[in-house]
Amino acid sequence: MDEQALIQAALDGDLNAFNTLVLHYQDMAYNVAYRIMGETGAADDAAQEAFISAYQKLKQYRGGSFKAWLLRIVTNNCYDELRRRQRQPVTPLKPDLPDGETLEDPYWIEDETASPEEQTEQAELQAAIQNCINELDQKFRAILVLVDIEGLDYQTAAEAAGTPVGTVKSRLARARERVQDCLQGFWELLPELFRLRDEETAS
Amino acid sequence: MNNERTRTRELELLSAYLDGELSTTQRQALEARLQHEPDLHNRLENLRKTKIMVGYLPRLRAPRHYTLTPDMVTVRPQKKQPLFVTLRLASALAAILLVVLFGVEFLFTSGPLARPRLGAKPMMEVAVVADELEPLILWGEPGVGGGEGFVNGRGGDPEIMEQPVMVESMPIEPEVDVEEELPPEDEPELMLEAEALPPTDDEVGTLQIAPKDIDEQPILGINPEESGEIISRYADTVEEIPQPTWRVVVRVLQIAMGAVLIGGGLTWWLLHRHGLS
């Protein structure tokens with residue numbers, strides 16, 4: 001895929017060229033939106049809005065990493081939506097499990113070879129991690145998602161978040177430490193290999 | 001404080017080390033410390049586990065395609081919100097007008113353009129009201145005052161009669177011989193502010209001239225109907241001095257602008273708070 005050619009074609013009004021870019025980046029956009037928002041419906045809206053905004057603002061793209069530019073639109077959309085929800089809190093609908101517990105996302109269950117019990121444990125662990133991410137402040141959350149989940153380097157993450165590299169570095173370190181502290185509350189869910197040193201000595 | 005700063009600095013170094021974002025010299029220095037500092041090594045391992053745990057989260061796939069249709073990307077003119085815009089505009093205009101009105105009022109009342117106040121004016125207005133009352137003191141006709149020095153008078157010393165307090169405010173008229181009997185319409189006008197308030201027939205009537213029959217009426221005395229009473233003649237008769245028209249208009253406009261400002265601002269704030277802005 002020649003990204004720059006597709007961008008130029010889109011700038012010339014070729015919507016199909018832009019849709020090729022959409023298909024390439026849509027999973028990444030949705031995943032980032034979901035990890036920041038913590039809710040499927042909101043992530044779906046944010047991702048769709050991000051692609052519409054990207055097409056309408058394509059003339060503002062000044063080269064460089066298109067992925068970072070697109071992720072910046074996605075994260076900004078998420079921030080806007082989170083701010084709006086802070087003003088008007090909503091209670092998302094969550095699918096109920098047979099035992100009365102809730103899962104935040106039906107996409108959790110991916111390993112079809114695992115037993116139902118293992119699948120439930122995986123889902124609980126992932127829910128615990130997502131809860132710890134959701135407890136982070138927005139600015140810390142976005143950096144953690146971009147680097148640790150999307151695997152961006154610091155420079156690209158800085159472009160995507162619209163902050164200096166030094167800020168990415170410090171925010172990421174603090175975000176990791178806070179998630180680490182949070183995960184100690186779910187010690188029994190953590191695989192033995194991943195239990196933290198302090199917990200091991202405590203036990 | 002320094003410990004906290006050092007700890008934060010170490011945390012950032014460890015985190016960047018995990019991501020391979022340290023320079024060669026930073027990395028070598030940190031690795032040397034890690035070999036001799038087990039606590040620092042433990043912190044690094046915990047951070048590494050946390051990073052792996054977060055990365056353990058599955059990458060989600062988009063639940064649908066987000067491809068765009070021509071209809072989705074048609075640039076539509078943004079919907080204007082007339083209520084919101086009008087409220088904002090009205091509030092801003094009201095605020096400006098309010099400031100201007102207060103400024104105008106200040107300039108023409110306390111400021112450099114203010115007129116000096118006339119001290120005599122209230123007195124004149126009081127005099128007008130007072131003249132409408134029935135007189136408490138009845139002045140006798142000088143000619144029948146009864147002073148011994150007068151030919152016709154019996155009322156007392158003629159010099160006293162000739163120097164009443166009101167002499168200064170009496171209209172300048174040709175001196176009349178006190179011995180001449182004046183017709184009623186030519187009686188001297190005994191008023192406090194004669195120049196400002198020319199006497200009318202009614203007013204002349206209030207300054208009753210004692211009838212010539214001195215046996216029936218007192219020359220200078222108390223109104224018999226009100227004798228023995230302490231009367232405040234002005235308490236219920238002095239009327240409030242009306243404000244100038246322009247000040248009333250300015251005041252009404254100030255109240256109106258204040259109401260628009262407060263109402264518009266409150267509504268704007270409510271709309272903004274409920275996300276309707």
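What counts and what doesn't
Residues numbered from 1 in each chain as written. Chains lettered and ligands numbered in written order. Predicted model: local features only at pLDDT ≥ 70, side-chain atom pairs only at ≥ 80, totals over all residues. Heavy atoms only, no water. Helix = DSSP H or I, 4+ residues; strand = E, 2+ residues; numbered from the N terminus. Contact = heavy atoms within 4.5 Å. Areas by Shrake-Rupley, 256 points an atom, 1.4 Å probe, with all protein chains shown as cover. Core = buried A, V, L, I, M, F, W, Y, C linked by side-chain atoms within 4.5 Å. Buried < 20%, exposed > 50% of the residue type's maximum accessible area, 1.4 Å probe, protein only. Salt bridge = Lys/Arg side-chain N within 4 Å of Asp/Glu carboxyl O. pLDDT = per-residue confidence, 0-100. Disulfide = S-S within 2.5 Å. Buried area = accessible area lost by both parts, 1.4 Å probe. Polar contact = N/O pair within 3.5 Å; in protein donor to acceptor, adjacent residues only side chain to side chain. Nonpolar A, V, L, I, M, F, W, Y, C, P; charged D, E, K, R; others polar.

## Let's talk about the overall build of chain A
Summing up its helical and strand segments, chain A has nine helices and zero strands in all. Tracing chain A from N to C terminus, the helices and strands come up as α-α-α-α-α-α-α-α-α. Of the contacts formed within chain A by residues at least 6 apart in sequence, a portion of 59% connects residues at least 24 apart. Accessible surface for chain A amounts to roughly 9900 Å². Of this, 46% is attributable to carbon and sulfur atoms.

## Concerning the environment of A:Tyr79
Residue and element names in this part refer to chain A. Mapped onto the elements of the fold, Tyr79 is located in helix H4 (residues 66–87). Spatially, the C-alpha atoms of Tyr79 and Ile36 are 8.6 Å apart, while their sequence positions differ by 43 residues. Among all residues touching Tyr79, those that are not within four sequence positions of it are Gln138, Lys139 and Ala142.

## Let's talk about the nonpolar core
One finds A:Phe18, A:Phe51, A:Phe66, A:Ile129, A:Ile133, A:Leu144 and B:Leu68 to be the most contacted residues of the largest nonpolar core, which totals 83 residues. With 14 residues, the top contributor of residues to this core is helix H2 (residues 15–37) of chain A. Not counting the four nearest positions on each side in its chain, B:Leu68 is found in contact with A:Leu15, A:Phe18, A:Asn19, A:Gln48, A:Phe51, A:Ile52, A:Tyr55 and B:Val73. Core analysis: the next-biggest nonpolar cluster, separate from the first, contains five residues, B:Ala94, B:Leu98, B:Leu101 and B:Val250 among them.

## Notes on the pattern of salt bridges
Enumeration over the complete set of coordinates arrives at 15 salt bridges over all chains. Of the charged contacts in the structure, one is a salt bridge between B:Arg7 and A:Glu177, with a shortest N-O distance of 2.8 Å. Linking B:Arg7 in helix H1 (residues 2–18) with A:Glu177 in helix H8 (residues 165–183), this pair reaches from one chain into another. Accessibility expressed as a relative area gives 18% for A:Glu177, which makes it buried. Two residues, B:Glu10 and B:Arg33, come together in a salt bridge whose shortest N-O distance is 2.6 Å. Separated by 23 residues along the polypeptide, B:Glu10 in helix H1 and B:Arg33 in helix H2 (residues 24–36) bring together distant segments of the chain.

## Some remarks on the confidence of the model for chain B
Residue and element names in this part refer to chain B. Residues of chain B with pLDDT of at least 70 account for 47%, and the chain-wide mean is 69. The lowest-confidence element of chain B is helix H7 (residues 158–162), averaging 49 in pLDDT; the highest-confidence one is H2, averaging 94. pLDDT under 50 marks residues 143–160. Its contacts with residues more than four places away, or in other chains, come to 34 contacts. The low-confidence segment residues 185–194 (pLDDT under 50) makes 24 contacts with residues lying over four places distant or belonging to another chain.

## Details of the confidence of the model for chain A
A low pLDDT means the predicted coordinates there should not be read in detail. Residues and elements named next belong to chain A. Mean pLDDT over chain A: 83, with 81% of residues reaching 70 or higher. Counting interchain partners and residues more than four positions distant, the pLDDT-below-50 stretch residues 93–110 has 36 contacts. Per-residue pLDDT stays below 50 along residues 199–203; that stretch engages in six contacts with residues further than four places along the chain or on separate chains.

## Notes on the state of the cysteines
All names here are of chain A. Here the structure, examined in full by the defined rule, presents one disulfide over all chains. Across the disulfide, Cys132 is cross-linked to Cys182 (sulfur-sulfur distance 2.0 Å). One disulfide, between Cys132 and Cys182, carries an S-S torsion of -80° and so falls in the left-handed class. Taken together, the residues Cys132 in helix H5 (residues 116–134) and Cys182 in helix H8 connect sequence positions 50 residues apart. We classify Cys182 as buried; its relative accessible area is 17%.

## Digging into the interface of chain B and chain A
A common way to state how big an interface is: give the accessible area lost once the parts meet. Opposite the 42 residues of chain B that make contact, chain A presents 56 residues. Each partner contributes to the roughly 4600 Å² buried at the junction of chain B and chain A, and carbon and sulfur atoms together form 58% of this total. For chain B, the biggest contributors to the area lost against chain A are B:Met53, B:Leu60 and B:Tyr66; these three give 17% of the whole. Linking chain B with chain A are five salt bridges. As a salt-bridge pair, A:Asp148 and B:Lys51 come within 3.4 Å of each other at their nearest N and O atoms. Between the two partners, chain B and chain A, sit 17 residue pairs in polar contact (both at pLDDT 80 or more). Taken together, the elements giving at least two residues each to the side of chain B that touches chain A come down to H1, helix H3 (38–55), helix H4 (70–73) and helix H9 (245–273) of chain B. In terms of residues, the side of chain B that touches chain A owes the most to one element, H3(B), which gives 11 residues. A breakdown of the residues in the side of chain B that touches chain A according to their chemical character gives 19 nonpolar, 12 polar and 11 charged.

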